[in-house]
Amino acid sequence: MLSSSRPYMRIYDNGLLLVRFTILAFFVASAVLPTASGQTFVRRTASVCRTNSDCPSNAYCEHYSPPTGFGVCSCLQGHFMLTYNNTRDCIRFATAIGDFCQYDDQCQYLLSTDAECRDNSCQCREGTHYVERERRCYKTSYLGQYCRLTNNCIGDDTYCRDGICVCALGKHPNAGRNLCLPDVYLGEKCFRDEECITESSHCSDDECCCRVSHILNQARNQCLPIAGKLYDLCEEDLQCLHRVPYSRCHIGVQMNGDRVGKCTCANGFHEISYKCYPSVYLNGICEVDENCAINPDTVCINGRCRCADHMIEVDGQCSAATRNVLFSIQIIVLLGIKQLFLY
């Protein structure tokens, strides 16, 4: 009887084993869960169990429905199965940057494969950044760089347009191209220099204004460089007048056809040593000798442009004849007149 029953016992054992493997295969297959990043994590440990005590820590015995008496150890909510050193354990996965960790997988479960465990803290890998609204790490693209998603673009108020990271309307990139700043124009309230969008402007006394090396052109609402001396390049008269009185911006046409402006003295003024002086002609009212210098033979004497010493005025011009020569001529003329009366 015993010998005849052994084949049936082996059949029964094999059948039970088959049932156990079938249950195991079903549970394992149903326990493979893809994360939001596409990476696959397993929630069940593949250990067959009858009660929770048969399972490792942070796991329970999940039974087949309808119940068969056997189940598979499954990780508690908030945990996943991790194989390490040939052992399977249920490890808590991180839900935010900064959570405690021991393995990269803990961080990558929810924070994406661009996260890692660094010094027992979940952090985004180098070259990636954390997007708070998504609670995930994304590869970093700076403003002006290529992007696939808006989440690649670092900083608030950025988005991916035509494959390039740009700022939202009314904002512009900072110098580091990792932040969008509000567009603040001349005369408007500001908090930092980089907010001032007008070229060559800065934030002074909480207001955008031109830098000290530039001057405001109110008509065009722009900052123009101040000319330091005559013949410097210019666009407007005010650039020249700021440091060189009586000057103007003269626009000339170059040989190649380009129009170029240079600071020169205004009409009615002349240049001496890179300064402009009012031009005063002979006998005109003057203040300094330079007023009379349009005629090199004149100087300012008692508030009038007169001929220089040893020169005389002849027909509105200063003559090189000296006063002694003039006196001699007068004597000769007088002698000639006297001789006429003697005859």
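Residues numbered from 1 in each chain as written. Predicted model: local features only at pLDDT ≥ 70, side-chain atom pairs only at ≥ 80, totals over all residues. Heavy atoms only, no water.

We now examine the overall build of the chain. Within the chain, the secondary structure is distributed over 5 helices and 28 strands. For the chain, buried positions account for 33% of its 343 residues. The contacts in the chain between residues at least 6 apart in sequence include a share of 24% that link residues at least 24 apart. Of the accessible surface of the chain, which amounts to about 22,000 Å², a share of 53% is contributed by carbon and sulfur atoms. (Helix = DSSP H or I, 4+ residues; strand = E, 2+ residues; numbered from the N terminus. Buried < 20%, exposed > 50% of the residue type's maximum accessible area, 1.4 Å probe, protein only. Contact = heavy atoms within 4.5 Å. Areas by Shrake-Rupley, 256 points an atom, 1.4 Å probe, with all protein chains shown as cover.)

One pass over the full model with this rule turns up 8 salt bridges. The closest approach of N and O atoms between glutamate 132 and arginine 135, which form a salt bridge, is 3.9 Å. With a relative accessible area of 53%, glutamate 132 lands in the exposed category. Counted as one network, the salt bridges with shared partners bring together Glu116, Arg118 and Arg125. (Salt bridge = Lys/Arg side-chain N within 4 Å of Asp/Glu carboxyl O.)

All right, on to the state of the cysteines then. This model, assessed by the stated rule, comprises 18 disulfides. Here cysteine 167 engages in a disulfide with cysteine 180; their sulfurs sit 2.1 Å apart. An S-S torsion of about -95 degrees defines the bridge between cysteine 167 and cysteine 180 as left-handed. Of this pair, cysteine 167 sits in strand E13 (residues 164-167) while cysteine 180 sits in strand E15 (residues 180-182), and the two are 13 residues apart along the sequence. (Disulfide = S-S within 2.5 Å.)

Moving on: helix H2 (residues 104-111). Within the span of H2, buried status applies to Gln106, Cys107, Gln108, Tyr109 and Leu111. In the stretch just after H2, serine 112 is the one whose phi turns positive, near 90 degrees.

Turning to the confidence of the model for the chain, a few remarks are in order. Low pLDDT marks regions whose predicted coordinates should not be analysed in detail. Looking at the chain, the pLDDT average stands at 84 and 80% of residues meet or exceed 70. Per-residue pLDDT stays below 50 along residues 1-40; that stretch engages in 39 contacts with residues further than four places along the chain or on separate chains. (pLDDT = per-residue confidence, 0-100.)

A word on the pairing of E13. The side chains of a regular strand alternate, first on one face of the sheet and then on the other. As paired strands, strand E12 (residues 158-161) and E13 are joined by 4 bridges and run antiparallel to one another. Across the sheet, the residue bridging to arginine 161 is isoleucine 164, located in E13. (Pairing = 2+ DSSP bridges.)

A few words on the environment of threonine 128. Here threonine 128 shows up in strand E10 (residues 128-131). The sequence separation of threonine 128 and aspartate 114 amounts to 14 residues, and the corresponding C-alpha distance is 6.8 Å.

Turning our attention to unusual backbone geometry. Glycine aside, residues mostly have negative phi, and peptide bonds are mostly found in the trans state. In this structure, tyrosine 274 is a non-glycine residue whose phi angle is positive, near 65 degrees. Topologically, tyrosine 274 is positioned in the loop between strand E23 (269-272) and strand E24 (275-278). A positive phi angle is found at aspartate 315, which is not glycine, with a value near 55 degrees. On the secondary structure map, aspartate 315 appears in the loop between strand E27 (312-314) and strand E28 (317-319).

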